[in-house]
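Next come the chains, spelled out residue by residue.
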Amino acid sequence: MSILSRRKMLAASAAGGVMTATAAAHAAVVFGNPDDPPQGAINTGGAFTDPGPQNPALANNLPSFENPPATDVGGMPVFWSSFNIAPKRVQNGGWARQVSSNAFPISTTIAGVNMRLNAGGVRELHWHQAAEWAVMTYGHARITTLDTEGRPFIADVKTGDLWYFPPGLPHSLQGLGPDGAEFVLAFDNGAAGEYNTLLVTEWIAHTPPEVLAKNFGVPVESFQHIPLAQRWIFQSDLPGSLAADQEAVATSAGSPPHPFIFRLSDMKPNKITASGTVQIADSTNFTVSKTVAAALVTVKPGGMREMHWHPNADEWQYYVSGQARMTVFDAGPSAVTADFRPGDIGYVVKNLGHYIENTGKTDLVFLEIFKTDRYEEVSLANWLALTPPTQVAATLNLDPAVIARFPKVRPEVVPT
Ligand code: MN
Ligand code: MN
């Protein structure tokens, strides 16, 4: 009999007033007061009803909101969102949509943008206050930037690659053949957004032509055809070869010492278990990424990202493929569960316990993104394995032989 079913039975017995003194004493030792906690489906003895109305599309996609696990209790700020609830800004050349703290108040450290550029589509030359971290989710793109020493950087990226532009560095993006690109940006500020960036077209359009002439050292008439409104995203022709573009901007200043891109999905995993892999990119290997650390996690069917927390940053999650269920634990107690599908976003406040189950029949792939320079994590199993067993046994009423089986090296993806 599982712990849950025994606990449920004890609760039902107590409610019916038929619990024997022996059973009550046993319950006190093993499970605490069976009338406690007062909340949670654990107390319903099984089903509870919800006569409706319902929005079936949402209810069917978020079954854990509709029918929470028996041990869920309390409440916390909503930690589920999705690019699929964000409107698209569409222009010739591509589109973008965003989920910032405006629409997702818990997400104070990261704002997410999902962008599509057609083949040849350009996200115009711009810059902004926040750092921009990105992961390619589809296709091919060319990125350009310039560092503060006047050294240009141009690279082509493919699905699974990252880029990072420090705050204020100017950049552009362009979709390549055969079918352009789609990617997800993470700004290291939850209030940042893609709709209020500093745009080259707007600065040029709002500068007197004589100033432009003086600034660039060319005749004033040179600027007679400039656009008077922003381009933001626009359709252009496909660029030439990468080598040709790099050659065109070669300068005596040379090239930046660190690449602004990282091939995350090509890297050797930091962790491989029977149930999945973890690949980490932070400032230790993706050196330019000083304010964003990321982990790409793959969990096989039946597997789970183990119970853990992060001491140094909130976690912003982007779900790439498969389906998942995450439970977040906070003081209170609160334990709240939500379901995630591709395109969805999760958020876990720093130090709150959480675990993520693969609830589907295919691999679950998701990204954990943190506003920090270094990836850090504490594993519950690892902690309990490396605390004196007598203390753990006394705290949790566990057999020391059970504690001896807890992993002394954190597994990250279980079962191992
Ligand atoms: Mn940008
Ligand atoms: Mn985590």
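Residue indices follow the written sequence of each chain, beginning from 1 at its first position. To label them, take the chains in the order written and letter them from A, then take the ligands in the order written and number them from 1. Only residues with pLDDT of 70 or above have their local features reported here, since the model is predicted, and side-chain atom pairs are shown and tallied only from 80 upward, although totals for entire chains, interfaces and linings are computed over all residues. Excluded from the side-chain calculations are hydrogens and water; all other atoms, namely the structure's heavy atoms, are used.

S.K.: Hey, could you run me through the domain arrangement of the protein in this one?
M.R.: It is common to give the size of an interface as the accessible area that goes away when the parts come together. Taken domain by domain, the protein comprises domain 1 (3–44 + 59–71), domain 2 (87–262) and domain 3 (270–414). Placing the centre of domain 2 and that of domain 3 at their C-alpha centroids yields a distance of 33 Å. Contacts between residues were defined by any pair of non-hydrogen atoms, one from each residue, lying within 4.5 Å. At the junction of the two partners, domain 2 supplies 24 residues and domain 3 supplies 19 residues. Defined here as a combined quantity, buried area equals the accessible surface (1.4 Å probe) lost by two parts on assembly, summed across both. Roughly 1900 Å² of surface becomes buried between domain 2 and domain 3 when both sides are summed, with 77% attributable to carbon and sulfur atoms. Salt bridge, as applied in this entry: a Lys or Arg side-chain nitrogen positioned within 4 Å of an Asp or Glu carboxyl oxygen. Taken together, domain 2 and domain 3 are joined by zero salt bridges. Pairs of N or O atoms are called polar contacts if they sit within 3.5 Å, as long as, within protein, a hydrogen donor faces a hydrogen acceptor (for residues adjacent in sequence, only side-chain-to-side-chain pairs). On inspection of domain 2 and its partner domain 3, the count reaches five residue pairs in polar contact (both at pLDDT 80 or more). Numbering of helices and strands runs from the N terminus; a helix is a DSSP stretch of H or I covering at least four residues, while a strand is a stretch of E covering at least two. If you list the elements that add at least two residues to the side of domain 2 that touches domain 3, you get β6 (132–146), β8 (162–165), β10 (181–187) and β13 (261–262). In terms of residue class, the side of domain 2 that touches domain 3 is built from 17 nonpolar, six polar and one charged. The split into domains, and so the bounds of each, comes from an automatic or database assignment of domains. When residue character is reported, Ala, Val, Leu, Ile, Met, Phe, Trp, Tyr, Cys and Pro are called nonpolar, Asp, Glu, Lys and Arg charged, and the others, Gly included, polar.

S.K.: Would you mind going over the nonpolar core with me for this structure?
M.R.: As a rule of thumb, nonpolar side chains are buried together in soluble globular proteins. As used in this record, nonpolar core signifies buried Ala, Val, Leu, Ile, Met, Phe, Trp, Tyr and Cys residues forming a set joined through side-chain atoms within 4.5 Å. Any residue under 20% of the maximum accessible area for its type is buried, any over 50% is exposed, and the rest in between are partly exposed; the area is computed with a 1.4 Å probe on protein chains only. Counting residues in hydrophobic clusters, the biggest one holds 82 residues, and the most contacted among them are F79, W133, I143, W163, F183, W316 and I369. Looking at which domains feed residues into this core, each of domain 2 (87–262) and domain 3 (270–414) gives three or more. Setting aside residues no more than four positions away along its own chain, I143 makes contact with F153, I154, A155, V157, W163, F165, S172, L173 and I261.

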